[in-house]
Amino acid sequence: MNDFMQFTIGGLAIGAVYSLVALGWTIVIDVSGIVNLAQGEMVMIGGLTTAYLVGEHHWPLALAMVVAILASGVVSGLLDWGVLRRIPSQRPTSLILGTIGASLLLREVARLAFGSDTLYANSLVSSSPLHLGGVSVLPQQVLLAGVLIVVAGGLAVFFRATRMGRAMQASVQSAIGARVVGINPANMRTLAFIGSGLLGGLAGVLVVPLFGMSWDSGTMLGLNGFVAAVFGGVGSYPAAVVGGLLLGLIHGYSAGYLPTAYTDVITLSLLIVLLLARPSGLSGRGRELVRA
Amino acid sequence: MKGTAMPRYLRAKHRTVVAGLTAVAAAAALTACGSGGSSAGGSTSDIKLGVVLSQTGAQSSLGATELKTIQAFVDQYNKQGGYKGRQIDLKVSDDQSDPAHAVDVTRAMLQSFHPAAVIGSSSTATCYAMEPVTEAAKVVQYCISGAPLAPRDPYYFSALGQTDRVLVDTAATWMLDKKFTKVGFIGTSDASGQLYQTEYGKLIQGTGLQDAGQQVYSPSTTDVTAQLTRLRSAGAQALYLGTSGSGVVTTLTGLKQLGWNVPVYVGEGSVSSLTVKAISGLLPEAGVYGPGEAPEVFDQLPSNFPAGSATAAKQFAKTWVTDLGNPPDWDAAAAYDTLNILLETVAAAGPEADKMVSYMTSHQFTGSLFTYKFTDVDHRGSDYLGLVVRFTSNPAAPFKLDAFYPDMKTYSGS
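Let me begin by describing the structure that accompanies this report. (Residues numbered from 1 in each chain as written. Chains lettered and ligands numbered in written order. Predicted model: local features only at pLDDT ≥ 70, side-chain atom pairs only at ≥ 80, totals over all residues. Heavy atoms only, no water.)

1. Quick notes on the overall build of chain A
Inclusion rule: Numbering of helices and strands starts at the N terminus; helices are DSSP runs of H or I of at least 4 residues and strands are runs of E of at least 2. In this description the radius of gyration comes from C-alpha coordinates, and the expected globular size is given by 2.2 Å times residues to the power 0.38. Only protein chains enter the accessibility calculation, which uses a 1.4 Å probe. A residue is then buried if its area is under 20% of the maximum for its type, exposed if over 50%, and partly exposed in between. Contact criterion: two residues are considered in contact whenever any of their non-hydrogen atoms come within 4.5 Å of each other. Per-residue and other accessible areas were derived by the Shrake-Rupley procedure at a 1.4 Å probe size, with only the shown protein chains allowed to occlude residues. Positive: Lys, Arg. Negative: Asp, Glu. His and the chain ends are not part of the count. For the purpose of locating charges, the reference atoms are NZ of Lys, CZ of Arg, CG of Asp and CD of Glu.
Within chain A one finds eleven helices and two strands. Helices and strands in chain A line up, N terminus first, as α-α-α-α-β-β-α-α-α-α-α-α-α. At 19 Å, chain A has a C-alpha radius of gyration in line with the 19 Å of a compact globule built from 292 residues. In terms of overall dimensions, chain A has C-alpha extents of about 60 × 50 × 35 Å along its principal axes. Taking all 292 residues of chain A together, the buried fraction comes to 52%. Here the analysis covers contacts within chain A between residues at least 6 apart in sequence; of these, 75% occur between residues at least 24 apart. Here chain A displays about 12600 Å² of accessible surface, and carbon together with sulfur accounts for 69% of that area. Distance from the positive charge centre (14 side chains) to the negative charge centre (10 side chains) of chain A: 19 Å.

2. Overview of the overall build of chain B
Helix and strand counts for chain B stand at twelve helices and 14 strands. By the burial criterion, 57% of the 414 residues in chain B qualify as buried. When contacts within chain B are restricted to residue pairs at least 6 apart in sequence, those whose partners lie at least 24 apart make up 70%. Surface accessibility of chain B: about 15800 Å² in total, with carbon and sulfur atoms responsible for 53%.

3. Topic: helix H8 (residues 246–258) of chain B
Residue pairs three or four apart in sequence face the same way in an α-helix, which turns once every 3.6 residues. Residues and elements named next belong to chain B. Under the convention used in this document: Here, expected helix span is obtained from the residue count minus one, scaled by 1.5 Å.
Compared with an ideal rise of 1.5 Å per residue, which puts 13 residues at 18 Å, H8 spans 19 Å between its outermost C-alpha atoms and is within 8% of the ideal. Counting buried residues in H8 gives eleven out of 13 residues, a clear majority hidden from the surface. Regarding H8, the residues found buried are Gly247, Val248, Val249, Thr250, Thr251, Leu252, Thr253, Gly254, Leu255, Gln257 and Leu258. Within two residues after H8, Gly259 carries a phi angle of roughly 65 degrees, on the positive side.

4. So, the state of the cysteines
Residue and element names in this part refer to chain B. Keep this limit in mind: When the sulfur atoms of two cysteines come within 2.5 Å, that pair is taken as a disulfide.
The full count for this structure, using the stated rule, is one disulfide over all chains. Residue Cys127 pairs covalently with Cys143 via a disulfide, S to S 2.0 Å. Linking Cys127 and Cys143, the disulfide has an S-S dihedral of approximately 90 degrees and is accordingly described as right-handed. Highlighted residues: Cys127 in helix H4 (residues 124–137) and Cys143 in strand S4 (residues 140–143), separated in sequence by 16 residues. Each member of the pair, Cys127 together with Cys143, is buried.

5. Re the pattern of salt bridges
Residue and element names in this part refer to chain B. The criterion, for reference: The rule for a salt bridge is simple: a side-chain nitrogen of Lys or Arg has to be within 4 Å of a carboxyl oxygen of Asp or Glu.
Applying the stated criterion across every chain yields a total of six salt bridges over all chains. As a salt-bridge pair, Lys178 and Asp402 come within 3.3 Å of each other at their nearest N and O atoms. Here Asp402 lies in strand S14 (residues 399–404) and Lys178 lies in the loop between helix H5 (163–177) and strand S6 (182–188), a separation of 224 residues in the sequence. With a shortest N-O distance of 3.2 Å, Lys202 and Glu199 are connected by a salt bridge. With a gap of three residues between them, Lys202 and Glu199 both fall in helix H6 (residues 191–207), about one helical turn apart.

6. Quick look at the pairing of S4 of chain B
Residue and element names in this part refer to chain B. Note the cut-off: Between any two strands, pairing holds if DSSP finds at least two bridges. Note on handedness: a clockwise path from strand one over the helix to strand two, with the strands aimed away from the viewer, defines a right-handed crossover.
Neither face of S4 is exposed, since Val140 and Tyr142 on one face and Gln141 and Cys143 on the opposite face are all buried. Bridge count for strand S3 (residues 117–120) against S4 is three bridges, and the pairing is parallel. Residue pairing for S4: Val118 is matched across the bridge by Gln141. As a crossover connection, the stretch from S3 through H4 into S4 is right-handed. Relative to strand S5 (residues 156–158), S4 is paired through three bridges, and the arrangement is parallel. Paired with Gln141 across the strands is Tyr156, a residue of S5.

7. Here's the deal with the sheet that holds strand S2 (residues 87–94) of chain B
Residues and elements named next belong to chain B. Our working definition: Axis definition: a line fit to C-alpha positions, over the contact stretch in the case of helices; interaxial angles, taken between N-to-C directions, run 0 to 180 degrees.
Taken in spatial order, the five strands make up an open sheet running S2-S1-S3-S4-S5, and their pairing is parallel. The open sheet is flanked by S2 and S5, the only strands paired with a single partner. In this sheet, adjacent strand axes meet at a mean angle of 20 degrees when their direction is disregarded. This element, H4, spans strand S1 (46–53), S3, S4 and S5 of the sheet and lies at about 170 degrees to S4.

8. As for the pairing of strand S8 (residues 238–242) of chain B
Looking along a regular strand, one sees side chains alternate from face to face of the sheet. Residue and element names in this part refer to chain B. Buried residues dominate S8, accounting for five of its five residues. Residues Ala238, Tyr240 and Gly242 of S8 are buried on one face, and the alternating residues Leu239 and Leu241, pointing to the opposite face, are buried as well. The pairing of S6 with S8 spans five bridges and is classified as parallel. The residue of S8 that forms the bridge with Val183 is Ala238. As judged from the three bridges shared by S8 and strand S9 (residues 264–266), these two strands associate in the parallel manner. From the neighbouring strand, Tyr240 faces S9, where its bridge partner is Tyr265.

9. Looking at the packing of helix H9 (residues 217–232) of chain A against helix H10 (residues 237–257) of chain A
Residues and elements named next belong to chain A. We count it as follows: Note on terminology: angles under 35 degrees are roughly parallel, angles over 145 are roughly antiparallel, angles of 65 to 115 are roughly perpendicular, and the others are oblique. A clockwise turn of the near helix away from the far one marks a right-handed crossing, whereas an anticlockwise turn of less than a right angle marks a left-handed crossing.
Packing of H9 against H10 leaves a shortest axis separation of 7 Å and a crossing angle of 115 degrees. Considering their axes alone, H9 and H10 lie roughly perpendicular with respect to each other. In the crossing of H9 with H10, the sense of the turn from one axis to the other is right-handed. Across from Asn224, Val227, Ala228, Phe231 and Gly232 in H9, the residues of H10 making contact are Ala239, Ala240, Gly243, Gly244, Leu247, Ile250 and His251.

10. A look at unusual backbone geometry
All names here are of chain B. A cis amide bond links Gly120 with the next residue in sequence, Ser121, at an omega value of 5 degrees. For Ser121, the location among the structural elements is in the loop between S3 and H4. For Gln96, which is not glycine, the phi dihedral falls at a positive 60 degrees. In this structure Gln96 comes out as partly exposed when scored by relative accessible area, which is 28%. Its identity as a non-glycine residue notwithstanding, Lys179 has a phi of 70 degrees, on the positive side. For Lys179, the position within the fold is in the loop between H5 and S6.

Take a look at the structure:
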């Protein structure tokens, strides 16, 4: 029973990371319909910037984290404003190709700027594990779960109760209608990219004490976040959270009870089955990424 | 082999491509004949060496130190007038710890640079990926990883001594010495991890130790607490870690999360100063151990340690540690020995691969790690001296001598 609980806690802990990354994906997909394949790099920028500022320049951890999150937001915003907006054809395939190029560019820039080693940062909370009834969890993982709850709740409030959030939603539902009432859909999209970058950066600063971060770490974290978003239902915020936690649990249980070399095979096979059986995700609330 | 198979969509154009390649090959042959065919390895004034190492990616903790060492000693030689009067010309490529990329950069290097030999790569997976390329080009490849290979490729050498002696006999002797009765394995699913797992299987079979389980995970996995939980529940008293680079950090992070204080034995690839730096905050109280080499503990060597090896280790340490200010390190010493073996060979036998192989298999090389005695059937050519070190949290003095086994038994059956 203890093992089962440990697999569950471990799965939820890594699932919280995937959920946070998935929320970043979801904002951009929800507001613009663009699959931003550079989203994992925003996580990488957040984590690496924190570790670099603390490790190399001895900044206070909290200040470094704030700067790192902002850096991810700025880079993500610039990606839309400086690159994607300038692409003459605004078709999804062209924009997605633009994000792939940005992803490769950001990886190389990070490698040159931060070096090739995996960097680490200390945690804001204790690094000693908490033992609860035979189950162990790191305080950083508890913090991460708490942040996930706050962020998910905050996004719900933002999109329902703030003028900016409603404006972003309006631009999704009807770009023409939004323009009529003075909302610039292009600016809303850039804001979505900034928000997505901030969330990616937040995920990065929270995972860097757990796993470390290197110039190429963002790819797999981003991919898992995307899988989580698809699991839940693309474009739905609650579904992204559920999808991330579910993905983490699948990882935890398959590593705990099945031959562990097949964890990724199992996860990705489930994703394919899900896409075939329920294209709009487990929640049924998501949009289909590709329509016939 | 990955990276060399012809994609299906190209097969339809096979004849055309073959015809084109034949023409290109003929032109290349004529060009080579016109230049006297002496370009491989450079002119008599230069020794051209290619270097393909993992400077980025998961194995960069190995490759970065290896490259730093090679460049430092090449610079030193060149400033002193060259190696035996000949300048050394290096061309360096990063394989990004990716076997497919290792194939690409090796192929490009051989075509554009024509080195006498290629040093690389840093891990078993990338070494194996490069090997068909260097064999086809008849260029000596010297892998700094253990990466054993049956002697079917006459041009392939690897830096490490007998893999079984390092990964099986030393680990087995140490585990029995510590009175463990049940141990477990956790490692990555790539070629490096598979090698470790094979060696672990030999250890279990040879010692009669109980196996608490063998857990394998993808190199991209960031959380291995589930795998560790299984090993803990199975009663493992020590862990044999079948990974290197960032995989060590992932595993020790999992141990820390679980609060499981268990001794960990790592492979020689992880006994590096950069790994020490990365895991200094993650060391379990029970300790992290690994097969050590004399340069890492050159100032702690016991009095019964072989005198010749101790002298060579101290000579390396004088430049690398004392003069250049680097911490002692296995990868650095292996790279240093690799460089010197190849320089001596090219200087004595010339850049032609068959002559180099003939020279290497008929001479003895005294290195900082081993005395190398390559033979026609064994291109690893060295025995292991039986040191085990314990990691410290001090990057300036990263290793402490834990044990010396001058009379190790053989548990691997080889």
